[in-house]
Amino acid sequence: DLLSSPNRENRLLSEASARAMDIPFLRGRLLYIVATLISVARLRSHAFSLTLDERKVSRDLLILVGAASELTGGGIRIAPQAGMGNGRLNILYAEGVGRFAATRLLIKALAGNHLSHDAVHSGFFDVCEIDRDGPQGPASMVFGDGEFLGTLPVRMALGTRTLRVLAPAKKA
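Figured I'd write up the structure that's included with this text. As the structure is a computational prediction, the values presented were derived from the model and not from experiment.

**As for the environment of Val-65**
No. 1: Looking at the secondary structure, you find Val-65 in strand E4 (residues 55-67).
No. 2: A relative accessible area of 2% means that Val-65 is categorised as buried.
No. 3: The spatial distance from the C-alpha of Val-65 to the C-alpha of Leu-92 is 5.2 Å, given a sequence separation of 27 residues.

**Let's talk about the pattern of salt bridges**
No. 1: Per the stated rule, a full pass over the model turns up four salt bridges.
No. 2: A salt bridge links Glu-70 to Arg-77; its shortest N-O distance comes to 2.8 Å.
No. 3: By relative accessible area, which is 32% here, Glu-70 ends up partly exposed.
No. 4: Taking the shortest distance from any N to any O, the salt bridge between Arg-155 and Glu-129 comes out at 3.4 Å.

**Side note on the side chain of Arg-132**
No. 1: Mapped onto the elements, Arg-132 comes out in strand E7 (residues 127-132).
No. 2: Although Arg-132 is buried, it makes no salt bridge; Asp-60 carries the closest opposite charge, 7.0 Å away.
No. 3: Ignoring any residue separated from it by four or fewer positions in sequence, one finds Arg-132 in contact with His-46, Ala-47, Phe-48, Ala-139, Ser-140 and Leu-152.

Cut-offs used in this document
- Residues numbered from 1 in each chain as written.
- Predicted model: local features only at pLDDT ≥ 70, side-chain atom pairs only at ≥ 80, totals over all residues.
- Heavy atoms only, no water.
- Helix = DSSP H or I, 4+ residues; strand = E, 2+ residues; numbered from the N terminus.
- Buried < 20%, exposed > 50% of the residue type's maximum accessible area, 1.4 Å probe, protein only.
- Salt bridge = Lys/Arg side-chain N within 4 Å of Asp/Glu carboxyl O.
- Lys, Arg positive; Asp, Glu negative; His and termini not counted.
- Contact = heavy atoms within 4.5 Å.

Shown next as structure tokens:
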């Protein structure tokens, strides 16, 4: 099992996270916005198999996020309802849309009001298993808070223990 730490993303955000690693001169929210806009230029949806608790579904998706908290990549409110799941993982995904609609969806995501978009689906689950229906590649990359964690298939669930993280002291 990979634990949500606190958000795990796939496809568009994975590609944006990979691109962000190659843009050393930007930081935070601006870095993820620029990386995502570059990714939108090469945008296409991919076929995924999901098992949400015990229910299996196949979908062509633009983006897929497993979230335990509201924020991802530079403070974008990708999962504004994540804290309302009573200990369950918030799974959000957007079905394939064109470049123009994806750009509008990104703008809505930056404002935290993308859940009202027709292509966006959100729900709460104990376990989510994800695999690709098709060739592996960039769409198979799994990132957690911008860090590469591995490739699909993946099983996500919320952990029961606190994850302790060491971080350098902030410069004064």
